[in-house]
Amino acid sequence: MKIIIILPTYNEKTNIEKMIPLLEREVFSTIKGHDLHILVVDDKSPDGTADVVKKYREKWKNVHLLSGDKQGLGRAYVRGMKYAMEEMHADAVMEFDADFQHDPHDIPRLISAMDEGADYVIGSRYIKGGAIPKEWAFDRKVKSKLGGLIARYAFFMFRLHDVTSGFKLTKTSFLKRVQLDRLYSYNYAYKLHILHDVVHLGAKVKEVPIVFYERTKGKSKMDTNDMTESLYVVLKLAIYDHKRFVKFLFVGGTGFIVQYSITYLCILLGFAQHFATMIAAETAILSNFTLNNLWTFGDTKHVKEQGGFLRRLIKFNTASLASIGIQGFSTYLAVKFFGEVITIYGYSIHTALAILFPTIIFIVLPLNYFVYNKIIWKTHHLKKYKQQVISE
Ligand code: GDD
Ligand code: MN
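This report concerns the structure included in the present document. (Residues numbered from 1 in each chain as written. Chains lettered and ligands numbered in written order. Predicted model: local features only at pLDDT ≥ 70, side-chain atom pairs only at ≥ 80, totals over all residues. Heavy atoms only, no water.)

Interaxial distance between helix α7 (residues 190-200) and helix α8 (residues 224-241) falls to 10 Å at its minimum, and their mutual angle equals 25°. It follows that α7 is roughly parallel to α8 by the angle criterion. In this structure, α7 meets α8 at a crossing whose hand is right-handed. Counting all contacts with α7, which are made through Leu-192, His-193, His-196 and His-200, the residues of α8 involved are Ser-230, Val-233, Val-234, Leu-237 and Asp-241. Taken together, the residues of the contact of α7 with α8 break down into 4 nonpolar, 4 polar and 1 charged. (Axes fitted to C-alpha atoms, helices over the stretch in contact; angles between N-to-C directions. Helix = DSSP H or I, 4+ residues; strand = E, 2+ residues; numbered from the N terminus. Parallel < 35°, antiparallel > 145°, perpendicular 65-115°, else oblique. Left-handed = near helix turned anticlockwise from the far one by under 90°. Contact = heavy atoms within 4.5 Å. Nonpolar A, V, L, I, M, F, W, Y, C, P; charged D, E, K, R; others polar.)

Here's what the structure looks like:
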């Protein structure tokens, strides 16, 4: 394989001076059967990092330099990745810090994992054998762990342990299919977006333990804006992943508004109140069905197992009636156990009202969503991606 190790640099002169010879002399010699290259992506570092690289380029033909303007770490990587894929025809690219926080001696292990079948190898600090600097203050450790935890849960990637690592090896057959010009971030959070997409493309992922060392020379370029941006990127990607559920909630909300307005309208028109309620409920059911059919589940049209329009409409109506039954039953049980009135934090409230929210949130919504997916629109007949994590 042709493997390009991308080293982004900004003011890393003293580090790159040691890094390139070390890679060439100590590391590459231990890796057999691959064509290895170093691509330094430097953003016109004022300290003259590029001059050092140019000097080494004379000595080692597999050293390459790409210079540009400073537009964030993600931009630098995207520039490097595109160059590696389009100009150098790489089979795999590695993301690697130039500041010795990543140990170059770990590179062979990441490559071996790919030799053994992985498409995407993550140098992981949070599995057995991996570590973060013990010098780090408690709050920094917590931030790093917590950030990763949020992203894992938001992405439903419970089987991965380190999603914010900056040490990765990616097959370009997958990277090519990531829309690198449309990332949600071109700073540090770029890596969350690429990871998200590569995993969704069905890449076989393998985590390899790495120790992340404390920086000794130069300064970190990450700041608190990067933290906030990471959260934003995670949220945006999670909404994208769960967009069917978000639409489902939204449609439910519109149903609520429809029901209220139609009730009011019918009363104005002179209907008896109990008729007004029933007409409004059915109108809301119909409008919910239409919106879900066209929008939330619009992509299931070709699923023939779901049956015709009328069939789905009847199922939907039945499910809606069942929800009303469930709410009635849970109120009945609650009244039986707690009495007509419940006291919460000193406030007395009718049991029916107190039980409404938990019933809707914990029973009605999940159940409806399940029924819509499995019984009415049958989304399981759609092609879905599967997370493929290789574990020991
Ligand atoms: N070209 C370029 N442009 N390089 C940059 C830029 C930039 O805007 N910003 C940072 N770099 C280079 C640095 O010179 C260094 O070689 C590498 O990218 C990592 O940057 P650091 O500033 O040292 O990052 P860090 O140590 O704070 O963050 C590391 O840990 C994070 C996880 O805790 C990195 O490995 C991150 O990728 C990782 O997410
Ligand atoms: Mn660093």
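Okay, the packing of aromatic side chains next. Taken as a whole, this structure holds 21 aromatic pairs when the rule is applied. Here the aromatic rings of Phe-256 and Tyr-260 are separated by 5.4 Å at their centres, their planes lie at 40°, and the arrangement is tilted. In this pair, Phe-256 and Tyr-260 both sit in helix α9 (residues 243-268), 4 residues apart, roughly one turn of the helix. The exposure class of Phe-256 is exposed, given its relative accessible area of 55%. Looking at Tyr-260, the relative accessible area reads 59%, which means it is exposed. Centre to centre, the rings of Phe-289 and Trp-377 are 5.7 Å apart; their planes meet at 25°, and the pair counts as stacked. Highlighted residues: Phe-289 in helix α10 (residues 273-296) and Trp-377 in the loop between α12 (351-376) and β10 (388-390), separated in sequence by 88 residues. Taken as a pair, Phe-289 and Trp-377 share a single burial class, namely buried. (Phe/Tyr/Trp six-rings, centres within 6.5 Å; stacked < 30°, edge-to-face > 60°. Buried < 20%, exposed > 50% of the residue type's maximum accessible area, 1.4 Å probe, protein only.)

Moving on, we come to the coordination of the manganese ion (ligand 2). Reference values for coordination geometry: four tetrahedral donors around a metal ideally subtend 109.5 degrees, six octahedral donors ideally subtend 90 or 180 degrees. Distances from the manganese ion (ligand 2) to its protein donors, Asp-99 (OD) and Gln-101 (OE1), fall at 1.9 to 2.0 Å. Gln-101 matches Asp-99 in its accessibility class, with the two residues each being buried. (Donors = N, O, S within 2.8 Å, 3.2 Å for Na, K, Ca; no water.)

Turning to the site of ligand 1, a few remarks are in order. If you check the shell around ligand 1, you find 25 residues, and the closest are Glu-12, Asp-97, Lys-191, Ser-220 and Lys-221. At 2.5 Å, a side-chain N or O of Glu-12 approaches an oxygen atom of ligand 1. In the environment of ligand 1, an oxygen atom lies 2.8 Å from a nitrogen or oxygen atom belonging to the side chain of Lys-70. For ligand 1, the protein covers 96% of the area, taking 740 Å² as the surface of the free molecule. Those elements giving two or more residues to the shell around ligand 1 turn out to be β1 (2-9) and α3 (73-87). A per-class count over the shell around ligand 1 returns 9 nonpolar, 7 polar and 9 charged. (Near = heavy atom within 4 Å. Polar contact = N/O pair within 3.5 Å; in protein donor to acceptor, adjacent residues only side chain to side chain. Areas by Shrake-Rupley, 256 points an atom, 1.4 Å probe, with all protein chains shown as cover.)

Turning our eyes to something else, we now look at a nonpolar patch on the surface. Judged by side-chain polarity, Phe-138, Val-142, Leu-146, Leu-149, Ile-150, Tyr-153, Phe-156, Phe-158 and Leu-231 come together as a nonpolar surface patch covering roughly 900 Å² of accessible area. Sort the elements by how many residues they give to the nonpolar patch and helix α5 (residues 138-155) lands first, with 6 residues. Turning to its location among the elements, Phe-138 is positioned in helix α5. Accessibility expressed as a relative area gives 69% for Phe-138, which makes it exposed. (Patch = residues over 30% accessible without salt bridge, like charges linked within 9 Å, V, L, I, M, F, W, Y side chains within 5 Å. Salt bridge = Lys/Arg side-chain N within 4 Å of Asp/Glu carboxyl O.)

Here Arg-312 is to be found in helix α11 (residues 309-338). For the buried Arg-312, no salt bridge is present, and the opposite-charge side chain at shortest range is Asp-299, 9.9 Å distant. Of note is the side chain of Arg-312, whose polar atom sits 2.5 Å from the side chain of Gln-306. (Lys, Arg positive; Asp, Glu negative; His and termini not counted.)

A rise of 1.5 Å per residue sets the reference length of α3, with its 15 residues, at 21 Å; its end C-alpha atoms lie 21 Å apart and thus fit the reference within 8%. Considered for burial, the residues of α3 that qualify are Gly-74, Ala-76, Tyr-77, Val-78, Gly-80, Met-81, Ala-84 and Met-85. Where the residues of α3 are buried, they touch β1, β2 (35-42), β3 (63-67), β4 (92-95), α6 (172-175) and α7. Looking one or two places after α3, you find His-89, whose phi comes out positive at around 55°. (Expected span 1.5 Å × (residues − 1).)

Strands sit in the order β3-β2-β1-β4-β6-β5-β7-β10 across an open sheet of 8 strands; the sheet is mixed. Where the open sheet ends on each side, the last strands, each with one partner, are β3 and β10. Strand-to-strand, the axes of this sheet are offset by a mean angle of 25°, without reference to chain direction. Bridging between β1 and β2 involves 8 bridges; their strand directions are parallel. Looking at β2, one finds that Lys-2 is bridged to Asp-35. Packing against the sheet, α3 makes contact with β1, β2, β3 and β4, and its axis sits at approximately 145° to β2. (Pairing = 2+ DSSP bridges.)

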